[in-house]
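Residue strings, one per chain:
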Amino acid sequence: MKAIRRFTVRPVLPEPLRPLSDLARNLRWSWHAETRDLFQSVDPERWAASGGDPVRLLGSVRPARLAELAEDRRFLRRLTAVADDLHDYVTGERWYQTQTAGLPAAVAYFSPEFGITAALPQYSGGLGILAGDHLKAASDLGVPLIGVGLLYRHGYFRQSLSRDGWQQEHYPVLDPNELPVAQLKEADGTAAQVSLALPGGRQLHARIWLAQVGRVPLLMLDSDVEENDLGERGVTDRLYGGGSEHRLLQEMLLGIGGVRAVRTYCRLTGHPEPEVFHTNEGHAGFLGLERIAELCAEGLDFDCALEAVRAGTVFTTHTPVPAGIDRFDRELVARHFGPEAELPRIDVERILHLGMETYPGGEPNLFNMAVMGLRLAQRANGVSLLHGRVSREMFSGLWPGFDSDEVPITSVTNGVHAPTWVAPEVFRLGARQIGAQRTEDAMTVGGSERWDAVADIPDQDIWELRRNLREQLVTEVRERLRASWRQRGAGTAELGWIDGVLDPDVLTIGFARRVPSYKRLTLMLRDRDRLMDLLLHPEHPIQIVVAGKAHPADDGGKRLVQELVRFADDPRVRHRIVFLPDYGMAMAQKLYPGCDIWLNNPLRPLEACGTSGMKAALNGCLNLSVLDGWWDEWFQPDFGWSIPTADGAGTDPDRRDDIEAAALYDLLEQRVTPRFYERGQGGLPDRWIEMVRQTLTLLGPKVLAGRMVREYVERLYAPAAHAHRTMDPDSARELAEWKSRLRSSWHGVTVDHVETTAATATAELGTTLGLRVRVGLGDLGPDDVEVQAVSGRVDEEDHITDASTVPLKPAGGPDAEGRWVYEGPLSLDRTGPYGYTVRILPAHRLLASGAELGLVVVPSEDVVEGAGVLMR
């Protein structure tokens, strides 16, 4: 019989065990081994059945067992020690508290998804896992972050397979009362809520759930409340589901409702108000509009409020392709703002202008969330060096007249949270070498360039560790594969072959990620005969573990999954290649450590960063990857292999896949497998072990989320906090008025004449030329602009590369025609073809960069012809 109503009955813990409740409600247990060990000892069988979730565990333990533990002195001593450790962790000084003054009092970090633990399934892939790792690393470092997201009642989907290998989606309902979250309550005990106005006089209400991630609170908004109509209750139903209006409402709730939730949380708890707002991808971009509305309510006009908001906002883009950005129809957005809807005091046209693609090649009727994110943030970044370059090119239309390398988008390369992703066995090996506390510090705070202590670990220990982890993975794969085949309809009698799937002594390759077409799940199947030869090689066999979810609406991705599954079902190879459905954090934590090779073969440069290979590397797994994302930046032959790419503009896509697949097979046949199976004098694969050692020594410190968050603090949060404090109402008004005056007068700015002291088209290295430029400034003055000489080597088309800029100074006042003369030196510091030009940029002490306004004046063709701008 089916229940007509469901309750969550919470256990009543005996008084001595009350600290267990606090430990279960702080998600630090998800990366703290001692806390997990303590919960496991409560009831090992129920711990396994709960999937390692302390909240579910405590809800299922028999009262008799709790009474027994309440009398167990040894257990109570352990409980006290773990509870004290959490208290010290949450309240003590950490890295952030030891830094110089000027850092933000608090930072609000908004993301549409957060992957913190499998027990809180609120993520779909890399963006969410990165956001979760960002929160955990901020907690470890003591950064006063407040996370803001949505609580999806179905999370992302659960994946299974049909008998013929087609992806099936399931959406189990998540009851927040069974999750490691708590409702945020007002002082009178009622649920704290935020509300948004909808068209037609309706309201969207959401309550606020709090997940405590170590020191960091994560606020999650949930619209499934009785005050809402059925449609509004479903706004937070699932991650990345529904049509355009559904997505728009989710993103309005995340951005606008999220700011209101932060204000509510700070009011109720006394937490410092954020000085910096960090928008993780465009989904949360509406947060800037709510902050503008707050300032307008305090008496600022829109332009002044915009400057104040931009000063303290950081925007991170994660997509390398325009198709990955949420874009909405202009009319749909217009309907949800203005007098009859949300933010009624702000002119809808001003809101629309922030997101419209008003640049060459843009779609004038589409509202682009990333474009709004960039226009509302004074600081922006991509997530690897290569992705920074790609982003500058992709968004260069917002800064016309500037070379893409001057577009003000920097990069902070992603990192991963080592305590979450490093296998306990790997941690223990490090602790044996340098002690548990030093190992924990190295993995969380980081800061060192190398982990030299790895050099002292004996080869035998490294090899035994790798085999042990591989053996654990084999066990895990067989269990999951058996469960998958049962879901596909197979009977027990059909599944005896699973006991022989994978071999703990065979080179193991992992490939696990989302399944959009650009990640090329099936590139390995390009030449099936060749792959079979690799899998079944009599002396150097390989085995492959594959996992990944296609988006529910992506039938192309589902076909790729089915193609891979059907190959893996072939009785000839099914003991050597497996597809595991329902890829998520719990599976990943077993998969990364157990693989010897992590394979990544996206279409370059479409992988923004790709952090799965980082997690694998921290466990001594070697990367075999296309030079994309982070691997493009940090690849060395010492710790992996690069797959050559055929990404020339004229390459046919099919031919490119053929070439790159052949390169992958060649690498596996000729370099990877021989090195794994080759034995030295001691019977160990010495050269392989040395690559594992180099991976841990040199890559380990680089790929840490602690390194990433420290970079965000030093390079983006601290400057944003300084700009926020500087941009008081008077400064914001000054800057807004200056920008308005500058834009209206910019048409009058010209470069009229350029001359140098060079008499010939050649010059010697070290020569300094005198440069003299005559400019018109119209209604502006020298304080409003900077006149620059830009020089460097030139290519065949006379484009300046690797440019350096030197400001020129006015020589006296304006002449009779109102023109100004600027002068300065031009040092010839490079040999070969060399060139220069001059340009005029806006200049103001409150600008973050000269490119901020996207305005620049360069010499006209007439002026260039008379200037002799090239020297060879």
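Residues numbered from 1 in each chain as written. Predicted model: local features only at pLDDT ≥ 70, side-chain atom pairs only at ≥ 80, totals over all residues. Heavy atoms only, no water.

Asker: Quick rundown of the packing of helix α19 (residues 459–487) against helix α22 (residues 585–594)? Include the residues and the values.
Answerer: For any two helices packed against each other, the geometry comes down to the angle between their axes and how far apart the axes lie. Relative orientation of the contacting elements α19 and α22 amounts to 140°, with a least axis distance of 8 Å. Classed by the angle they form, the pair α19 and α22 counts as oblique. Remark: the crossing between α19 and α22 carries left-handed chirality. Contacts from Arg466, Leu469, Arg470, Gln472, Leu473, Glu476 and Arg480 in α19 reach Ala586, Met587, Lys590, Leu591, Pro593 and Gly594 in α22. Of the residues in the contact of α19 with α22, the class split is six nonpolar, two polar and five charged. (Axes fitted to C-alpha atoms, helices over the stretch in contact; angles between N-to-C directions. Helix = DSSP H or I, 4+ residues; strand = E, 2+ residues; numbered from the N terminus. Parallel < 35°, antiparallel > 145°, perpendicular 65-115°, else oblique. Left-handed = near helix turned anticlockwise from the far one by under 90°. Contact = heavy atoms within 4.5 Å. Nonpolar A, V, L, I, M, F, W, Y, C, P; charged D, E, K, R; others polar.)

Asker: Hey, could you go over the side chain of Asn280 for me, with residue numbers and the actual values?
Answerer: For Asn280, the location among the structural elements is in strand β9 (residues 276–280). Looking at Asn280, its side chain comes within polar contact range of the side chain of Ser111, at 3.3 Å. Asn280 has contacts with Tyr109, Phe110, Ser111, Pro112, Leu127, Leu130, Ala131, Thr316 and His318, leaving out every residue within four places of it along the chain. (Polar contact = N/O pair within 3.5 Å; in protein donor to acceptor, adjacent residues only side chain to side chain.)

Asker: Which residues make up the nonpolar core, and what values do they have?
Answerer: One finds Met524, Ile544, Ile597, Leu624, Trp641 and Trp688 to be the most contacted residues of the largest nonpolar core, which totals 105 residues. Ranked by size, the runner-up nonpolar core spans 99 residues in total, among them Phe328, Met369, Leu777 and Val785. (Core = buried A, V, L, I, M, F, W, Y, C linked by side-chain atoms within 4.5 Å. Buried < 20%, exposed > 50% of the residue type's maximum accessible area, 1.4 Å probe, protein only.)

Asker: Tell me about the sheet that holds strand β17 (residues 577–580), and name the residues and values.
Answerer: Pairing between sheet strands relies on hydrogen bonds along the backbone, with the strands arranged either parallel or antiparallel. What the six strands build is an open sheet, ordered β17-β16-β15-β18-β19-β20; its pairing is parallel. Two strands lie at the open edges of the sheet, namely β17 and β20 (640–643), each paired on one side alone. Direction aside, neighbouring strands of the sheet carry axes that sit 20° apart on average. When strand β19 (residues 622–626) meets β20, the two strands line up parallel, connected through four bridges. In the strand pairing of β20, Ser625 is matched with Ser642. Those strands touched by α19 are β15 (507–512), β16 (542–547) and β17, and its axis lies near 60° from that of β17. (Pairing = 2+ DSSP bridges.)

Asker: Quick one: what's the story with the packing of helix α7 (residues 126–141) against helix α27 (residues 705–726), residue by residue and with numbers?
Answerer: Running from N to C, α7 and α27 point in directions that differ by 80°, and their axes come no closer than 8 Å. Relative to α27, the element α7 is oriented roughly perpendicular. Of α27, the residues touching α7 (which contributes Leu130, Asp133, His134, Ala137, Ala138 and Leu141) are Ala705, Gly706, Met708, Val709, Arg710, Tyr712 and Tyr717. Classifying every residue of the contact of α7 with α27 gives nine nonpolar, two polar and two charged.

Asker: Before we move on, could you go through the layout of surface pockets and cite the residues and values that matter?
Answerer: The probe, sized like a water molecule, is rolled over the atoms to show the empty space still left. Empty space within the second largest pocket amounts to approximately 1,600 Å³. For the second largest pocket, the lining is made up of 48 residues, of which Ser30, Ala33, Arg36, Pro424 and Gln589 are closest to its centre. For the lining of the second largest pocket, the elements supplying multiple residues, two or more each, are α2 (33–42), α3 (44–49), α6 (73–91), α16 (418–421), α17 (424–434), α18 (436–444), α19 and α22. With six residues, the top contributor of residues to the lining of the second largest pocket is α18. By residue class, the composition of the lining of the second largest pocket is 22 nonpolar, 11 polar and 15 charged. (1 Å grid on protein atoms, 1.4 Å probe; cavity = no way out; pocket = protein on both sides within 12 Å on 5 of 7 lines; lining within 4 Å. Points joined across faces, edges and corners; volume = space filled by probe spheres on them.)

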